[in-house]
Amino acid sequence: MTDTTDDIAVEISFQSYEDDCKMLGNLLLEVLQREAGVQMRDKVDRNRILAQSACHMRMAGIDDTAELLEKQLVSEISKMSTEEALTLARAFSHYLNLMGIAEVHHRVRRQKKVASLSKSCDDIFNQLRQGGVPPGQLYDTVCKQEVEIVLTAHPTQINRRTLQYKHLRLSNLLDYRDRHDLTSEDRDMVIEDLVREITSIWQTDELRHHKPTPVDEARAGLNIVEQSLWKAVPHYLRRVSTALKKHTGKPLPLTCTPIRFGSWMGGDRDGNPNVTAKVTKDVSLLSRWMTIDLYIREVDSLSFELSMNRCSDGLSKLAHDILVLESEYDVHQSWNHHCFNRNQVKQQAAALPTQLPARADQPSCTECNVGQSHYPRSEFPRTARPGPLKQLDVPESSPPKSPSQNSLSSMPKSPSQNSLRNASLVAKRRMFAESQVGRSSFQKLLEPTPTQRSGIGPYRIVLGNIKDKLLMHVYVLRVQLMKTQRRLELLLEDLPCDSDPLDYYHTSDQLLEPLIKCHESLQECGSGVLADGRLTDLIRRVATFGMVLMKLDLRQESGRHAETLDAVTKYLDMGTYSEWDEEKKLEFLTRELKGKRPLVPPNMEVASDVREVLDTFRVAAELGSDSLGAYVISMASNASDVLAVELLQKDARLAVSGEIGKPCPGGTLRVVPLFETVKDLREAGSVIRKLLSIDWYRDHIIKNHNGHQEVMVGYSDSGKDAGRFTAAWELYKAQEDVVAACNEYDIKVTLFHGRGGSIGRGGGPTYLAIQSQPPGSVMGTLRATEQGEMIQAKFGLSQIAVRQLEIYTTAVLLATLRPPQPPREQKWRNLMEEISKISCQNYRSVVYENPEFLPYFQEATPQAELGFLNIGSRPTRRKASTGIGHLRAIPWVFAWTQTRFVLPAWLGVGAGLRGVCEKGHTEDLKAMYKEWPFFQSTIDLIEMVLGKADTFISKHYDEVLVSESRRHLGDELRMELLGTEKVVLVISGHEKPTGGNNRILRRLIESRLPYLNPMNLLQVEALKRLRSDDDNKELRDILLITINGIAAGMRNTG
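This report concerns the structure included in the present document. Computed from a predicted structure; not experimentally measured.

Cut-offs and rules
- Residues numbered from 1 in each chain as written.
- Predicted model: local features only at pLDDT ≥ 70, side-chain atom pairs only at ≥ 80, totals over all residues.
- Heavy atoms only, no water.
- Pairing = 2+ DSSP bridges.
- Helix = DSSP H or I, 4+ residues; strand = E, 2+ residues; numbered from the N terminus.
- Axes fitted to C-alpha atoms, helices over the stretch in contact; angles between N-to-C directions.
- Buried < 20%, exposed > 50% of the residue type's maximum accessible area, 1.4 Å probe, protein only.
- Salt bridge = Lys/Arg side-chain N within 4 Å of Asp/Glu carboxyl O.
- Parallel < 35°, antiparallel > 145°, perpendicular 65-115°, else oblique.
- Left-handed = near helix turned anticlockwise from the far one by under 90°.
- Contact = heavy atoms within 4.5 Å.
- Nonpolar A, V, L, I, M, F, W, Y, C, P; charged D, E, K, R; others polar.
- Expected span 1.5 Å × (residues − 1).

### Overview of the sheet that holds strand E2 (residues 259–263)
Ordered by their spatial adjacency, eight strands build a closed barrel running E1-E2-E3-E4-E5-E6-E7-E8, and the pairing between neighbours is parallel. On average, each strand axis in the sheet is inclined to that of its neighbour by 25 degrees, with strand direction left out of account.

### Some remarks on the pairing of strand E8 (residues 781–787)
Within E8, seven of the seven residues are buried, which leaves it mostly tucked inside the rest of the structure. By the alternation rule, side chains of E8 split into Thr 781, Arg 783, Thr 785 and Gln 787 and Leu 782, Ala 784 and Glu 786, which are all buried. Strand direction decides the pairing type here: strand E1 (residues 146–152) and E8, joined by seven bridges, are parallel. Residue pairing across strands places Glu 146 opposite Thr 781, the latter belonging to E8. Pairing analysis gives two bridges linking strand E7 (residues 748–754) to E8, with the strands arranged parallel.

### Re the pattern of salt bridges
Summed over the entire model, instances satisfying the criterion amount to 62 salt bridges. Note that Glu 70 is salt-bridged to Arg 58, the shortest N-O span being 2.7 Å. Of the two residues, Glu 70 sits in helix H3 (residues 63–78) while Arg 58 sits in helix H2 (residues 38–59), which places them 12 residues apart along the sequence. By relative accessible area, Glu 70 is classed as buried at 6%. Assessed through its relative accessible area of 32%, Arg 58 is described here as partly exposed. A single network of salt bridges, built from pairs that share partners, joins Glu 148, Asp 553, Arg 670, Glu 710 and Arg 783.

### Let's talk about the packing of H2 against H3
Axis separation between H2 and H3 bottoms out at 8 Å; the angle between their running directions is 160 degrees. For the element pair H2 / H3, the angle class is roughly antiparallel. Relative to H3, H2 is oriented so that their crossing is left-handed. Residue-level inspection shows Arg 46, Asn 47, Leu 50, Ala 51, Ser 53, Ala 54, Met 57 and Arg 58 of H2 in contact with H3, the latter providing Asp 63, Thr 65, Ala 66, Glu 67, Leu 69, Glu 70, Gln 72, Leu 73, Glu 76 and Ile 77. Within the contact of H2 with H3, the residues separate by chemical class into eight nonpolar, four polar and six charged.

### Some words on helix H26 (residues 724–744)
Turn by turn, an α-helix covers 3.6 residues, leaving residues three or four places apart pointing in a common direction. For H26, spanning 21 residues, the distance from its first C-alpha to its last is 30 Å, which sits close to the expected 30 Å at 1.5 Å a residue. Buried residues dominate H26, accounting for 15 of its 21 residues. Immediately beyond the C-terminal end of H26, within one or two residues, lies Asp 746, with a positive phi of roughly 55 degrees.

### Let's talk about unusual backbone geometry
Phi angles above zero are rare outside glycine, and Lys 119 is one such case at about 70 degrees. As for its position among the elements, Lys 119 is in the loop between helix H4 (82–113) and helix H5 (121–130). Relative accessible area serves as the criterion here: at 23%, Lys 119 is assigned to the partly exposed category. Although it is not a glycine, Asn 706 sits at a positive phi angle of roughly 55 degrees.

### Notes on the environment of Trp 230
Note on placement: Trp 230 falls in helix H9 (residues 214–248). Linking Trp 230 and Ser 798, residues 568 residues apart in sequence, is a C-alpha distance of 8.3 Å. Discounting residues that sit within four places of it in the chain, Trp 230 has contacts with Val 225, Leu 294, Tyr 295, Glu 298, Arg 541, Phe 545 and Leu 549.

### Quick word on the side chain of His 105
Mapped onto the secondary structure, His 105 falls in helix H4. Residue His 105 is classed as buried on the basis of its relative accessible area of 2%. Here His 105 is in contact with Asp 20, Ser 171, Leu 174, Asp 175 and Asp 178, once residues within four sequence places are set aside.

### Quick look at the packing of H4 against helix H29 (residues 798–817)
Two numbers describe how H4 lies on H29: the axes approach to 10 Å, and their chain directions differ by 65 degrees. In this view, H4 runs roughly perpendicular relative to H29, as classed from their interaxial angle. With respect to the hand of their crossing, H4 and H29 are arranged in left-handed fashion. Every residue of H29 that contacts H4 at Val 104, Arg 107, Val 108 and Gln 111 is listed here: Gln 799, Ile 800, Arg 803 and Gln 804.

### A closer look at the environment of Leu 805
Tracing the sequence through the fold places Leu 805 in helix H29. With relative accessibility at 0%, the residue Leu 805 sits in the buried group. The sequence separation of Leu 805 and Ile 149 amounts to 656 residues, and the corresponding C-alpha distance is 9.3 Å. Beyond its immediate chain neighbours, meaning those up to four positions away, Leu 805 contacts Ile 149, Val 233, Tyr 236, Ile 259, Phe 261 and Phe 795.

Take a look at the structure:
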């Protein structure tokens, strides 16, 4: 399916790539010999040679010999013991992963050697200037660009995070090995390190034995930021700024960032009962906590760098004011040490040692310290300087190491013997008080006195104050997190967080202010070279990541909101909301939205599902738009679906505001309808027109969201509903209609693309996808999801992440300034309608109308066994049904990808294209392919899929696993696959799939086949044995490892 090389597959030197693959393969064989013995190593190598010979025969067109070799390979595998099959599966699976590591490494190597990469900022800015775009227009368009990449927790990432870290270390070693200054001894040491890493990988369990929690998934997303994006974003913005200055004469403004990041991890509750209101709040707090920790590290480094005394008058005054405040605080603190009263103990005890929400106390990188991360650690960062936070600095699992510790062992016991809990509480409070007093005295020996601090550089004084406020933020978050723990509720009832809001940063603008003052001071003093270094990088990080790294979207299915309003209207004796017609719903919702009182009674008793929806809106009101992004309504189909969420959101904000006695933090969340099915996509424009025709809603959009409407279109369910071709065309038309609807009301629109990694779920090369959108649909703004294994593939390494961010920027820029061509004539649209109609009919006649298809699907694929993978927190089905309709799109595509049939991406396409060609329109289709970017993109993606499909492999699944009475269905589908390939190649003019501009991609695919094909044959054998012995754990492990290996070889899952 979609290959991680698709965007930049040409950026690889194939000879050196093959050399590295050979080297890594030999090292794996060495490890295998040591771990499993010579005999097993030879058996693995013999199977590899058999598979490789068969592949060579196939590529040479000598099919008879290839078939004999393949039958011999099948025979060898069928005779293997369970232990031998497990070792073979592990060996080939690891080798496919090693090939993937080598491929990524060589993409990075190629980027380093090329002076100007295609699709880079420098390349595209130059093209646009040469094409007549004025420098002012280019500059303004780049600066106003708003792209948001939304990371989701869709369960398509196969590899455990432990193995991902080990793979990163292998990549780093390959990078180090490329250095030209290494001695022969150095190179030998690198080989030894590679062997150690491969040995460690071999001895590590590949399989997850427990499902991840939503918090685990969120931690994995945050880890991507720390591991890669934290470094990549400043590098990417430097590239944008340098290219802008070169081609327009002006650099990128300091706080301008064309790309930001969002997340669904911990917020996507659609069909996932494990994502609760509490989980969302915990994840949001965890994200804030990690953000502050990353900023503290940067401030520490920056403080070391900015040691100079020369500064502007403004910064000098700021530093002086800080010193005066600290001096006054020191006097006050000294008095407090002699007058430590009970009220102070109560206040400070609010920060007694505690724990985070379940597993959230383990920050994102717990298994590998990539990039000098401070993780893992169990304590919070604490200040090393005196300041406002000192009074709140608290012990963790043990008191601070100071002279006062010597007296802790002799601390008198609590006088109360009635409650062990009370005794423990008093002891902790006393320990805190004593250690705080003792440590304060001890710190005076280590830290500068107020007189001495006056000689410290002004930049360090300002940065030290920034760090103090960041640490205060950590304290506030700690108290909030404590309040989420039920076991501490009684303790915290009388221990409120009384911190002064001026002591910490509420918004990123507050944090940016002193940083920008430092930058301006350096520029003013002629030290621009220093200002444009680490300080600029930190300012740009703050502008990009804000105070939460990634704002969290919430997503829920529209029916859940209707159920909630049903409960409310029934309780208020107003009838049943869901039974009303659309006009009555809109009248009711609009009336309530205009009102000033809450609708939901505070003490109303409701079912648990309804309570969870109400709790979610309450959390959204408490966190606000400072922490959260959009509220996405899946399966949206009417204007009332949007207004229902607006009403529930307004009601929760009124209730929370009344309780806290002040407005809720931040603004209201953007409410985003998600149109997914073909029927809903066809009505999307009408729904938006209806919404914007409502005065209250239009005024709300203008007032609260800057006249900006966001609409999401879903690729996965539309593809499963009607087939890939019909889905692509309906998505294209829906976007045109939504844009037209917003233009009619003078409202700006941002389209949010819910694309999966595979082509069957709307995936494909980023650049190609953006460049083939309807004209006018990408006007400088775009949101798009990145899911599962594609997150690691595109953003796992900082060098690759920089390249991907550039591609997003340049593709959106081109689509804005040089929009893709629309259909040249109405005839082309008519042909698309006819192809789509035939394609949809063919697809649905097979998938939904043939009663034999469902049992065939269940027998021919490992769909039922995918649940054992434990790769996601959500169920594989929306509802308890065995039908395809309620099966999620991911396992639907995943299962067919495993068998190399990849049916969801091409079924129906051939029938539609042939139907039009048979009516004499072949030349029209060829012209459409050459001149219409959308049609070319659609055909190219289908061709790419066909290049990965394998009829021999899929036939083998049928022969071994499918009932004889149903095998004819597989034969018919394979004939349809070959027919689709033939007509696609006629239209594209290529000799074979992926034979056009991307021959490197085809070579990469072919290089994997000697290891991928045996994995499929092993999977068939494992399924055969497991289905007659379904409790056999060893067989299940073999099956799951083959699933991992095939996913690595196909370079994606679902």
